[in-house]
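What follows is each chain in one-letter form.
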Amino acid sequence: MTSIAAPSLLPSTEPAYPLLDSIVTPGDIRHLTSARLNQLAVEIRALLIEKVTVSGGHLGPNLGVVELTLAVHRVFGVESGDTVLFDTGHQSYVHKLLTGRRDGFDTLRQAGGLSGYPARSESRHDWVENSHASTALSYADGMAKAHQLSGDTGRVVAVIGDGALTGGLAWEALNNLGAAPERPVVVVLNDNGRSYAPTVGAMATHLAELRAAGRGASGRNLFTELGFSYLGPVDGHDTAALEEALSRACDLRRPVVVHALTVKGRGHPPAEADEADRMHAVGPAAPARAPGATRPSWTGEFSRALLALGSDRADLVAITAAMGGPTGLGPFAARFPERYFDVGIAEQHAVTSAAGLAMGGLHPVVAIYATFLNRAFDQVLLDVALHRLPVTFVLDRAGITGPDGPSHHGMWDPTLLSAVPGMRLAVPRDAAQLRELLGEAAAWREGPTALRFPRATAGGDIPAVYRDGPVDVLSVSGTRDVLLVSHGPLAGACLEAAATLKAQGIGVTVCDPRWVLPISPELLRLAAGHRLVVTVEDGLRTNGMGSVLAGVLRDSAITTPSYALGLPTAFLRHASRDQLLADTGLTPHRIVHAVLRARAGRALPHHARTSVPDGTRP
Ligand SMILES: Cc1ncc(C[n+]2csc(CCOP(=O)(O)OP(=O)(O)O)c2C)c(N)n1
Ligand SMILES: CC(=O)[C@@H](O)[C@H](O)COP(=O)(O)O
Ligand SMILES: [Mg+2]
């Protein structure tokens, strides 16, 4: 084995990554010898560890695809019209390093910097910007059909993880791809046996059997039965073996699955030893903790609240779509393993199986990132709500999330859920309210309930001056000029804005509806008693909860003018949550500004500048 010089960790004027620094296009790696390829892999891993532990991001997944990405870019070439697709896209850092983005890599996931996912505005080598899993094979099917119709001879290759392959959409695509032997698509199955935790389900068991059988496999398997040629399993860290398999796959000129065995976190002992999730997603290097910055996250507060509730309610069951850890279900799963279900990256199945559990007399809690509920809307609407089933959805990462960018901001759930008959939606403002509202949701047997909270630390508890029905009044104004309807954690910003306005002689009442769906008569009565209503939400400004309130006010013949502050109907770029809240006007100063404009009957400012580029390719 050629001894490979790892980049020196000592301060030096020499570039730490001399070979990687010389790579500008994938063409630059095609002439490298295996020794130089090995050196390049060492440098890439060292750079990923150095940079991502500082910037934050998907360290484990990318460490696992170094050789795989090298092999893909040595066999396929965008310059020759080939299309390389990454499912979910969180494992595309190596791809970015090989396609001219080494220099910008320090800006990964930062405002104005590189996206943590493929981005068409960054490179013509990038295609799919949506970071929701299980989509790549459907894109590949569509692109292969387009190539066939247009006579385009470019080849299509899609890299999909074993976790993403548990998603239903992937099987819809396999069903179509395998039925068209004349349409060649290369599916590279990046099998590291994990999503976050070990991948669950019968398919994972089948892949393990193929891994165990190795090259001696009988030749028949799930993929061949669906019409694919199957090559593998291949060592996903042996670039030469991967290249050989990919070249063979191309020569077959038909749908092929190349089954690559990789290790998530490969080459970084702390990641390889991380039993939880192999450092799937690491945070940015922890800044020196500000005093008092040790408050738990919303996820942590939910985790504790659910465990307490689950101890009192034997009918409570918890469901996750392959994200038990990130959604805080770990303690519940450890205490009540028989009442915990990980269904894989299968949100639609998670929701409808929850409907089944509820039909069986249980009370399911589906813990899911708000953005991922989007794909299970039909299941929420017609499998749960139509049957008025007591399912509780706990939507983590609701509203602006931040560095994960446009397909991760959880900004559509209030709008979607406002269209669901019988849906009750709560937005807790602090941990105490989270506990109370989760209890109320679990006690509600007449239909679905949902709670939403952001990717943030849960601030200190905010007491109410008094409660009127479900509505907490947080501050009272003498003159009742303005009613600020604050949703969830934005109560803090609203109270600050109210104090500023009060100092200007404007009386502001701040209320927290707690249950934002349905609109309560108490909230309507409060609105009727004020000269102006302004709602403030970490959701869509148009067609969000502010719009719902305005509609109900109109229908109730309450003439108080109302204005909605919230997020633009736009795909918002990646940046920090705080920065995007400021960009979209959800800070005390901007709320004051908006209230003053509303009082003067002037149009409110729009904030579309935070949108992502329109996808025009360079
Ligand atoms: C629809 C959807 N649900 C959940 C997620 C969160 N998520 C991101 S990556 C991941 C695990 C992916 O596992 P796999 O496809 O095997 O890729 P690996 O990280 O192992 O390379 C999950 C659950 C997502 N991106 N999209
Ligand atoms: C790629 C993906 O969807 C997840 O890994 C997501 O990036 C995790 O987000 P959090 O870091 O907010 O848990
Ligand atoms: Mg995996």
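Everything quoted here is computed from the prediction, not taken from an experiment.

1. Here's the deal with the sheet that holds strand β13 (residues 471-475)
- Taken together, six strands build an open sheet; the order of strands is β12-β13-β15-β14-β17-β18 and the sheet is mixed. The open sheet has two edge strands with one neighbour each: β12 (466-468) and β18 (562-567). The average undirected angle you get between the axes of adjacent strands in this sheet is 25°.
- Sheet topology note: the strand β17 (residues 532-540)/β18 ladder contains five bridges and is parallel. Bridging from a neighbouring strand, Val534 pairs with Tyr563 of β18.

2. Here we look at the site of ligand 2
- All residues in the neighbourhood of ligand 2 are listed as His58, His90, Tyr117, Tyr196, His280, Tyr369, Phe372, Arg397, Asp404, His408 and Arg455.
- For ligand 2, an oxygen atom lies 2.6 Å from a polar atom in the side chain of Asp404.
- In isolation ligand 2 offers 360 Å² of accessible surface; the protein chains occlude 91% of this area.
- Residue contributions to the shell around ligand 2 reach at least three from each of two domains, namely domain 1 (7-269) and domain 2 (298-452).

3. Focus on the UniProt feature "binding site: Mg(2+)" (unreviewed entry) in the chain
- Here the UniProt feature "binding site: Mg(2+)" (unreviewed entry) sits at Asp162 and Asn192. Their sequence span is 31 residues, while the largest C-alpha to C-alpha distance among them is just 6.9 Å; these annotated residues converge on one region.
- Residue position: Asp162 is located in the loop between β2 (156-161) and α7 (168-177).
- Judged by relative accessible area, which is 2%, Asp162 ranks as buried.
- Those residues in contact with Asp162 that lie beyond four places of it in its chain are Leu189, Asn190, Asp191, Asn192, Gly193, Arg194, Thr199, Met203 and Leu207.
- A polar atom in the side chain of Asp162 sits 3.2 Å from the backbone nitrogen of Asn192.
- Within the secondary structure, Asn192 sits in the loop between β3 (186-191) and α8 (202-213).
- Looking at Asn192, the relative accessible area reads 16%, which means it is buried.
- Setting aside residues up to four positions removed in sequence, Asn192 forms contacts with Asp162, Thr262, Val263 and Lys264.

4. Some points on the site of ligand 1
- Near ligand 1 you find 22 residues, and of these His90, Gly163, Ala164, Lys264 and Glu347 are the closest.
- Take Lys264: an N or O atom from its side chain is 2.7 Å from an oxygen atom of ligand 1.
- The residues that make up the shell around ligand 1 include at least three from each of domain 1 (7-269) and domain 2 (298-452).

5. Considerations on the side chain of His409
- Considering the arrangement of structural elements, one finds His409 in the loop between β9 (392-396) and α17 (413-417).
- Looking at His409, the relative accessible area reads 0%, which means it is buried.
- For His409, the side chain forms a polar contact with the main-chain nitrogen of Thr401, separated by 3.1 Å.
- At a separation of 3.1 Å, a polar atom in the side chain of His409 contacts the main-chain carbonyl oxygen of Arg573.
- Each residue touching His409, except ones within four places of it in the same chain, is listed here: Thr371, Gly399, Ile400, Thr401, Gly402, Leu572, Arg573 and Leu580.

6. Quick notes on the packing of helix α4 (residues 66-75) against helix α10 (residues 239-252)
- α10 packs onto α4 with a crossing angle of 40° between their chain directions and a minimal axis gap of 9 Å. Taken together, the axes of α4 and α10 lie oblique to each other. Handedness of the α4/α10 crossing: right-handed. Along its contact with α4, which presents Glu67, Leu68, Leu70, Ala71, Val72, Arg74 and Val75, the element α10 presents Thr239, Leu242, Glu243, Leu246, Ser247 and Cys250.
- Classifying every residue of the contact of α4 with α10 gives eight nonpolar, two polar and three charged.

7. Considering empty space enclosed by the protein
- Scanning the entire structure with this criterion turns up six cavities of 30 Å³ or more.
- Taken as a whole, the largest cavity encloses approximately 90 Å³ of empty space.
- Taken together, 13 residues make up the lining of the largest cavity; nearest its centre are Val427, Arg452, His487, Pro489 and Asp538.
- Split by residue class, the lining of the largest cavity holds nine nonpolar, one polar and three charged.

8. Description of the domain arrangement of the chain
- Domain annotation for the chain reports domain 1 (7-269), domain 2 (298-452) and domain 3 (470-599).
- The C-alpha centroid of domain 2 is placed 32 Å from the C-alpha centroid of domain 1.
- On the side of domain 2, 16 residues touch domain 1, which itself brings 18 residues to the contact.
- Buried area between domain 1 and domain 2, both sides added, is near 1,300 Å², and the carbon and sulfur share of it is 51%.
- Area buried by domain 1 at its contact with domain 2 is led by Arg109, His132 and Tyr196, which between them contribute 40% of it.
- With a shortest N-O distance of 3.2 Å, Asp404 and Arg109 are connected by a salt bridge.
- On inspection of domain 1 and its partner domain 2, the count reaches eight residue pairs in polar contact (both at pLDDT 80 or more).
- Each residue belonging to the side of domain 1 that touches domain 2 can be placed in one class, and the counts come to six nonpolar, ten polar and two charged.

9. Concerning the packing of aromatic side chains
- With the rule as written, the count across this model stands at eight aromatic pairs.
- Note that Arg339 overlies the ring of Phe336, its terminal NZ or CZ placed 4.1 Å from the centroid.
- Over the ring of Trp515 we find Arg424, and its NZ or CZ is 4.8 Å from the ring centre.

Parameters and conventions
- Residues numbered from 1 in each chain as written.
- Chains lettered and ligands numbered in written order.
- Predicted model: local features only at pLDDT ≥ 70, side-chain atom pairs only at ≥ 80, totals over all residues.
- Heavy atoms only, no water.
- Pairing = 2+ DSSP bridges.
- Helix = DSSP H or I, 4+ residues; strand = E, 2+ residues; numbered from the N terminus.
- Axes fitted to C-alpha atoms, helices over the stretch in contact; angles between N-to-C directions.
- Near = heavy atom within 4 Å.
- Polar contact = N/O pair within 3.5 Å; in protein donor to acceptor, adjacent residues only side chain to side chain.
- Areas by Shrake-Rupley, 256 points an atom, 1.4 Å probe, with all protein chains shown as cover.
- Domains from an automatic or database assignment.
- UniProt positions renumbered as here; feature names shortened; annotations may be inferred.
- Buried < 20%, exposed > 50% of the residue type's maximum accessible area, 1.4 Å probe, protein only.
- Contact = heavy atoms within 4.5 Å.
- Parallel < 35°, antiparallel > 145°, perpendicular 65-115°, else oblique.
- Left-handed = near helix turned anticlockwise from the far one by under 90°.
- Nonpolar A, V, L, I, M, F, W, Y, C, P; charged D, E, K, R; others polar.
- 1 Å grid on protein atoms, 1.4 Å probe; cavity = no way out; pocket = protein on both sides within 12 Å on 5 of 7 lines; lining within 4 Å.
- Points joined across faces, edges and corners; volume = space filled by probe spheres on them.
- Buried area = accessible area lost by both parts, 1.4 Å probe.
- Salt bridge = Lys/Arg side-chain N within 4 Å of Asp/Glu carboxyl O.
- Phe/Tyr/Trp six-rings, centres within 6.5 Å; stacked < 30°, edge-to-face > 60°.
- Lys NZ or Arg CZ within 6 Å of the ring centre and 35° of its normal.

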